[in-house]
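Listed below, chain by chain, are the residues.
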Amino acid sequence: MSQHNDLIALDAIARYGHRCVLWPDRWSGLQLTCSLQWQIVPFTEASAASLPDTLGVYAFLIRPKLASLDLAYLMYIGKTDRTFRERFKEYLRERDSDQIRPKLLKILPQYPDHLYFAYAAVPPGHSSRDVEIALLHAFVPPGNDQLDAEFTRADKAFL
């Protein structure tokens, strides 16, 4: 392989590389205060109209859709105090702007044919923020900054 090809490969790794933390003890320790019924739509303008006017938690997934393997990479988890439709449209605008947050710059515009928006309503009487925190603790998505202190200490020490 030539040096030129090496540089191209290094650029691709920098652009598409994400640190993934797979922590089974965190998965088994997930305790949600409510049941979630996830829906998944492509992250495209056409999907915006299909989103409900409800609140809850959401996630961005990258789905390569290769070799008939149903695989998704969890990239980001959030909660919304606005409707899913409003929040989805905000992300569409952010994706297309020059004011996009750095962590989302590595996700939103990079995977136009593979990015999906998963969302789940949080029932009345339950806190979307508490559900979001529990999901963040269990999954440690690479696009989120607000990770718990235990992970942050380990991250700084070893990763």
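What you see is a predicted model, and the numbers here were worked out from it, not measured in a lab.

Calculation notes
Residues numbered from 1 in each chain as written. Predicted model: local features only at pLDDT ≥ 70, side-chain atom pairs only at ≥ 80, totals over all residues. Heavy atoms only, no water. Helix = DSSP H or I, 4+ residues; strand = E, 2+ residues; numbered from the N terminus. Rg over C-alpha atoms; globule rule 2.2 N^0.38 Å. Buried < 20%, exposed > 50% of the residue type's maximum accessible area, 1.4 Å probe, protein only. Contact = heavy atoms within 4.5 Å. Areas by Shrake-Rupley, 256 points an atom, 1.4 Å probe, with all protein chains shown as cover. Lys, Arg positive; Asp, Glu negative; His and termini not counted. Charge placed at Lys NZ, Arg CZ, Asp CG, Glu CD. Pairing = 2+ DSSP bridges. Axes fitted to C-alpha atoms, helices over the stretch in contact; angles between N-to-C directions. Phe/Tyr/Trp six-rings, centres within 6.5 Å; stacked < 30°, edge-to-face > 60°. Lys NZ or Arg CZ within 6 Å of the ring centre and 35° of its normal.

Caption draft 1: Representation of the overall build of the protein chain. The helix and strand tally for the protein chain stands at six helices and four strands. Secondary structure elements of the protein chain, listed N to C terminal, follow the sequence α-α-β-β-β-α-α-β-α-α. Relative to the globule expectation of 15 Å for 159 residues, the C-alpha radius of gyration of the protein chain, 17 Å, shows essentially globular dimensions. If one aligns the C-alpha atoms of the protein chain with their principal axes, the spans along those axes are about 60 × 40 × 35 Å. Looking at the protein chain as a whole, 35% of its 159 residues are labelled buried. Contacts in the protein chain between residues at least 24 apart in sequence constitute 74% of all its contacts with a sequence separation of at least 6. With the model as given, the accessible surface of the protein chain reaches about 9700 Å², and the carbon-plus-sulfur share is 56%. The averaged location of the 19 negative side-chain charges in the protein chain is 1 Å from the averaged location of its 18 positive side-chain charges.

Caption draft 2: Spotlight on the sheet that holds strand 2 (residues 56–62). Ordered by their spatial adjacency, four strands build an open sheet running 1-4-2-3, and the pairing between neighbours is antiparallel. Sheet topology places strand 1 (39–42) and strand 3 (73–80) at the edges, where each strand pairs with a single neighbour. If you compare each strand with its neighbour and ignore which way they point, the axes differ by 25° on average. Relative to the sheet, helix 3 (residues 84–95) contacts strand 1, strand 2, strand 3 and strand 4 (115–121), its axis offset from that of strand 2 by approximately 40°.

Caption draft 3: Highlighting the packing of aromatic side chains. Under the definition given, this model contains 14 aromatic pairs. Pairing Tyr58 with Tyr91 gives two aromatic rings, centres 5.6 Å apart and planes at 65°, and the pair type is edge-to-face. On the criterion of sequence distance, the pair formed by Tyr58 in strand 2 and Tyr91 in helix 3 is long-range, its members being 33 residues apart. Residues Tyr58 and Tyr91 agree in their burial class; the two are buried. A ring pair is formed by Phe60 and Phe117, whose centres lie 5.5 Å apart and whose planes are at 70°; its orientation type is edge-to-face. Here Phe60, found in strand 2, pairs with Phe117, found in strand 4; they are 57 residues apart in sequence, far enough to count as distant. With respect to burial, Phe60 and Phe117 carry one shared label: buried. Feature note: the residues Phe43, Tyr58, Phe60, Tyr76, Phe84, Phe88, Tyr91, Phe117 and Tyr119 constitute an aromatic cluster, connected by ring pairs. If you follow Arg63 out to its NZ or CZ, it ends over the ring of Tyr116, 5.1 Å from the centre. For Arg87, the ring lying beneath its charged end belongs to Tyr91, and the centroid distance is 4.0 Å.

This is a description of form; function is not addressed.
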